[in-house]
Amino acid sequence: MSCNAENYDLCLDIGEAKCNALIWVRRLAAILSMFGCVFIICAIVLFQRHRNFSQRMILFLSTAALFDSIPFLMGRIHPDADTACIFQAFWMQYFDWSVLLWVCCVGFNLYVNVVHRIDTQKWELYYHSVSWGWPMLMAVIPLGTNSYGPAGAWCWIDRNSWMRFALWYVPLVICIIGLIVLYSLLTYRVNRQINEWQGTYNPETEGEKLMLRKYIEPLRFYPVVYILTATFPVINRIQNAANPCDPVFALFLLHSLSAPMMGMLNAVVYARSGGFWKSLTWTAVKRAFQRLVHPQRVKEYPIDIDDDTNLIAGDRVPVGINSSAGAMRGRETDGSERALLDETLDIADEA
């Protein structure tokens, strides 16, 4: 089949009905993703889980995914390379990169926590610098070279530009391979640690078991979700590059459905992790809201947890928790510390 690849119009090829279907599937997936991101953000803020570093990473990832969903609402038939098209392309390129880098930070953070037992909370500023700073460079380069334009039923880097692969798909594949390697090593280490614990009881490892189950295990699924949602877009773009005038509608449909869905799938993972959805009662929501609006002070809060847990989770247990005594002794705590202690008690109760 011969055609002019430079002036190729996807909607003219597959027909306006199918093109409209792609646009609306993409919009619906984006709306679901936005609801999922808002759910995670509200849950973390309302229940003050952002005091926990692992939860803050989920918060930042969800914030990036929320903004990344916006350009998926902007699709149209026969888009022109106008200001709105360029804005959509720039926005998508920036937040696609931001989401990818936050996912990589989550994977890297889990790896060094479990394998090297390093407290990574001190690296939070570096995570922000990379995940918000580097995407700006990746978004400005196509803008400066006038490479943004129509890319099917939406706008992104022009289909004939080598920058699609140089500035996105090649780095994306490299990051996915890196995540797979990290998670293979992580899974091996976790399974080996679990096997070592079988049939034994050691008070010094009980807190570590709790953190492994309540924090490490749920966080492992976020990069997996990303890999799943990125698979069909990569396959579709490879097919587009190999046969630019012979699109496969099924691939475009799967691309349109999966690319914006990360926020919704993350919300499912978040709701199911640690029994959060089961504990999300109206009474719990009211109590959390009251505590958020009117933080109270408490003088004593009994707790029984091992200090070593903060090495695996990468989080600091509030100063004053004495693992040997198993209690916080008579020191006043503010509302933020109480939120952390509430969460820790919930972990101990569920165990």
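Residues numbered from 1 in each chain as written. Predicted model: local features only at pLDDT ≥ 70, side-chain atom pairs only at ≥ 80, totals over all residues. Heavy atoms only, no water.

### Some remarks on the side chain of E124
So, step 1. Tracing the backbone through its elements, the reader meets E124 in helix α5 (residues 124-144).
So, step 2. Owing to a relative accessible area of 17%, E124 belongs among the buried residues under this scheme.
So, step 3. Here R56 takes part through its side chain, which lies 2.8 Å from a polar atom of the side chain of E124.
So, step 4. When sequence neighbours within four positions are dropped, the list of residues in contact with E124 reads F53, R56 and F60. (Helix = DSSP H or I, 4+ residues; strand = E, 2+ residues; numbered from the N terminus. Buried < 20%, exposed > 50% of the residue type's maximum accessible area, 1.4 Å probe, protein only. Polar contact = N/O pair within 3.5 Å; in protein donor to acceptor, adjacent residues only side chain to side chain. Contact = heavy atoms within 4.5 Å.)

### A few points about the packing of aromatic side chains
So, step 1. Summed over all chains, the structure comprises 13 aromatic pairs.
So, step 2. Between Y94 and F95, the ring centres sit 4.8 Å apart and the planes meet at 85 degrees, which makes this aromatic pair edge-to-face. An identical accessibility class is assigned to Y94 and F95; each is buried.
So, step 3. Summarising the aromatic geometry, the rings of F165 and Y169 are spaced 5.6 Å apart at their centres and angled 50 degrees between planes, so their arrangement reads as tilted. On the criterion of helical spacing, the pair formed by F165 and Y169 is a turn pair, its members being four residues apart in helix α6 (residues 163-197).
So, step 4. For F165, a relative accessible area of 29% translates into the label partly exposed.
So, step 5. We note K18 situated over the ring of F249; from NZ or CZ to the ring centre the distance is 5.1 Å. (Phe/Tyr/Trp six-rings, centres within 6.5 Å; stacked < 30°, edge-to-face > 60°. Lys NZ or Arg CZ within 6 Å of the ring centre and 35° of its normal.)

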